[in-house]
Amino acid sequence: MAEPSFTIGATDVAPGARQVVTLPVTTGLNGAALNLTVHVVHGARPGPTLALLSTLHGGEWFSILPLRRLVQEEDPAGLAGTLLVVPVANPPALGRLLRNAPDRTDSPDMNRVFPGPLAATNDQLAAVVTKEILARSSCLIDLHQGPWGAAFRDILIPDDAEPIAADHAERLALAFGSPIIRRAPVVKGFPGPRSSIGYAGGVLGIPAMGVEVGGAGFGAALEEGWIQATIDGIRAVMAELGMVRGPMPERPTRQLVYRKSHRVNPRVGGLLRSRFGGERLGEAIAAGTLLGEVLSPYTNEVIEELRAPADGLLFYTARDYPVEPGGWAFGIADTQEGARWVEA
Ligand SMILES: [Zn+2]
């Protein structure tokens, strides 16, 4: 059976073709048209539709890099199904290099407004993503890499989504090859039913993952490894969904599926001195370990020590950089409370 064209917005994408599609969203106060740009890779054969979102938070632009390469390298002739790739879901936030939209509405955070019921810019962006991307997808990967200076190694899947979708998401997250996977109540808890994965898993009932691999500001060698790990992981998910065939990268021999995370972020602002660089991500940490210190940029004194509150794996870390109270420093994936290991 020949695959039909894929219609998105006013555009028909032929089977076996790759196309950049512009979806109109609204007009800004600056008079400029705001559009969403979608890369459609439409396979020659029928199959699932995988949605890949990036930069819902404007400061987390590192995920644009792996998606750029993935779209360039993926051959639609060998693909079963369709990739819908949105490298920049929140152009106004990226335009200011800020996490949130630079406006004064009730919807500052685009990852808390799905499916976009209001008229704010973020709602309208989320509404276009919901209608044109999520509503026709069989799976969602939403990439949230670290903002500059912080690096992550984690996948978040909703435990309280539609149950079949939750189990499916766990299988896909394991296939991705992430050494650390958090399965937690995303819909009832954090980041909630109006986040992209909370909405996709809880309302649309599709497997949904928030993927965090790496971040910017750690040097070319580490960053290239994270970019490649993201591409390899997405390809492994595509293979698991039956979209591509071929040799897959090896999975870690042990993968942690955990429930409880600890944010070890500073309570004061200052210069973070990190004792765990990006190369230490995924490392086992004992409770009480000194992860870093906050120094006063004014007096040079140590004004806070940051220590691991529990035994676990380091799932995010930061380089030496200035931090505000609550800024990203260190994250511990609890290996005790509600955690289990999946052996290869
Ligand atoms: Zn984010």
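Model, not experiment: these values are computed from the prediction. (Residues numbered from 1 in each chain as written. Predicted model: local features only at pLDDT ≥ 70, side-chain atom pairs only at ≥ 80, totals over all residues. Heavy atoms only, no water.)

**A closer look at the overall build of the protein chain**
- Looking only at helices and strands, the protein chain has 6 helices and 20 strands in total.
- The C-alpha atoms of the protein chain give a radius of gyration of 20 Å, which matches the 20 Å a tight globule of 344 residues would have.
- The burial tally for the protein chain puts 53% of its 344 residues in the buried class.
- Contacts in the protein chain between residues far apart in sequence, at least 24 positions, make up 72% of those at least 6 positions apart.
- Summing over all exposed atoms, the protein chain offers an accessible surface of approximately 14,400 Å²; the carbon and sulfur share of this is 53%.
- Separation between the mean location of the 30 positive side-chain charges and that of the 36 negative ones in the protein chain comes to 1 Å. (Helix = DSSP H or I, 4+ residues; strand = E, 2+ residues; numbered from the N terminus. Rg over C-alpha atoms; globule rule 2.2 N^0.38 Å. Buried < 20%, exposed > 50% of the residue type's maximum accessible area, 1.4 Å probe, protein only. Contact = heavy atoms within 4.5 Å. Areas by Shrake-Rupley, 256 points an atom, 1.4 Å probe, with all protein chains shown as cover. Lys, Arg positive; Asp, Glu negative; His and termini not counted. Charge placed at Lys NZ, Arg CZ, Asp CG, Glu CD.)

**Describing the layout of surface pockets**
- Looking at the largest pocket, its volume works out to about 460 Å³.
- Elements represented by at least two residues in the lining of the largest pocket include exactly β8 (150–158), α5 (196–202), β10 (208–214), β12 (261–264) and β17 (312–318).
- Counting residues per element, the lining of the largest pocket draws most heavily on β8, which supplies 3 residues.
- Residues belonging to the lining of the largest pocket are distributed by class as follows: 10 nonpolar, 8 polar and 8 charged.
- In terms of domain composition, the lining of the largest pocket takes at least three residues from each of domain 1 (6–252) and domain 2 (260–343).
- In this structure, the second largest pocket encloses a volume near 330 Å³.
- Forming the walls of the second largest pocket are 13 residues, and the residues nearest its centre are G28, L29, P92, P102 and T121.
- Here the lining of the second largest pocket is composed, by residue class, of 7 nonpolar, 4 polar and 2 charged. (1 Å grid on protein atoms, 1.4 Å probe; cavity = no way out; pocket = protein on both sides within 12 Å on 5 of 7 lines; lining within 4 Å. Points joined across faces, edges and corners; volume = space filled by probe spheres on them. Nonpolar A, V, L, I, M, F, W, Y, C, P; charged D, E, K, R; others polar. Domains from an automatic or database assignment.)

**Focus: the coordination of the zinc ion**
- Taken together, the protein donors to the zinc ion comprise H57 (ND1), E60 (OE), E60 (OE) and H144 (ND1), at separations of 2.0 to 2.7 Å.
- Between the 4 donor atoms coordinating the zinc ion, the angles at the centre fall across 52 to 148°, so the site counts as irregular. (Donors = N, O, S within 2.8 Å, 3.2 Å for Na, K, Ca; no water. Tetrahedral: all angles 85-135°; square planar, octahedral: opposite > 155°, others 65-115°.)

**Observations regarding the packing of helix α1 (residues 64–73) against helix α6 (residues 220–240)**
- At their nearest, the axes of α1 and α6 sit 9 Å apart, and the two run at 50° to each other. When the axis of α1 is compared with that of α6, the two are oblique. With respect to the hand of their crossing, α1 and α6 are arranged in right-handed fashion. Here α1 contributes L65, P66, L67, R69, L70 and E73 to the contact with α6, which in turn contributes E224, I227, Q228, T230, I231, I234 and R235.
- Considered class by class, the residues forming the contact of α1 with α6 number 7 nonpolar, 2 polar and 4 charged. (Axes fitted to C-alpha atoms, helices over the stretch in contact; angles between N-to-C directions. Parallel < 35°, antiparallel > 145°, perpendicular 65-115°, else oblique. Left-handed = near helix turned anticlockwise from the far one by under 90°.)

**Concerning α6**
- With 21 residues, α6 should cover 30 Å at 1.5 Å per step; its first-to-last C-alpha distance of 30 Å lies within 8% of that length.
- Count one or two residues on from α6 and you reach G242, which has phi positive near 85°. (Expected span 1.5 Å × (residues − 1).)

**Points about the environment of L70**
- By secondary structure assignment, the location of L70 is in helix α1.
- L70 sits 158 residues away from Q228 along the chain, and the two C-alpha atoms are 9.6 Å apart.
- Dropping the residues within four chain positions of it, L70 is found in contact with L52, L83, I231, I234 and R235.

**Overview of the packing of helix α4 (residues 163–176) against α6**
- The interhelical angle for the contact between α4 and α6, taken along N-to-C directions, is 135°, at an axis separation of 7 Å. With respect to each other, α4 and α6 are oriented oblique. Along this stretch, α4 crosses α6, giving a crossing that reads as right-handed. Between α4, through L172, A175 and F176, and α6, the contact on the second element is made entirely by A229, T230, G233, I234, A236, V237 and E240.
- Residue composition of the contact of α4 with α6, grouped by class: 7 nonpolar, 2 polar and 1 charged.

**Quick notes on the pairing of strand β15 (residues 290–295)**
- Most of β15 sits out of view: 6 of its 6 residues are buried.
- Here 5 bridges tie β15 to strand β16 (residues 302–307), and the two strands are oriented antiparallel to one another. Opposite L290, over in β16, you have R307 as the bridge partner. (Pairing = 2+ DSSP bridges.)

**Describing the environment of E170**
- In this structure, E170 sits in helix α4.
- Residues E170 and I157, spaced 13 residues apart in sequence, show a C-alpha to C-alpha distance of 7.0 Å.
- Non-local contacts of E170, meaning those with residues more than four positions away in its chain, are made with I157, R183, V257 and R340.
- One polar contact links E170 to R340, side chain to side chain, over a distance of 2.8 Å. (Polar contact = N/O pair within 3.5 Å; in protein donor to acceptor, adjacent residues only side chain to side chain.)

**Observations concerning the pairing of strand β9 (residues 180–184)**
- Most of β9 sits out of view: 5 of its 5 residues are buried.
- Both β8 and β9 contribute to a ladder of 4 bridges, which runs parallel. Pairing of I155 across the sheet is with I181, part of β9.
- Crossover handedness for the path β8 to α4 to β9: right-handed. (Right-handed = clockwise from strand over helix to strand, strands pointing away.)

Worth remembering: the numbers are spatial, not functional.
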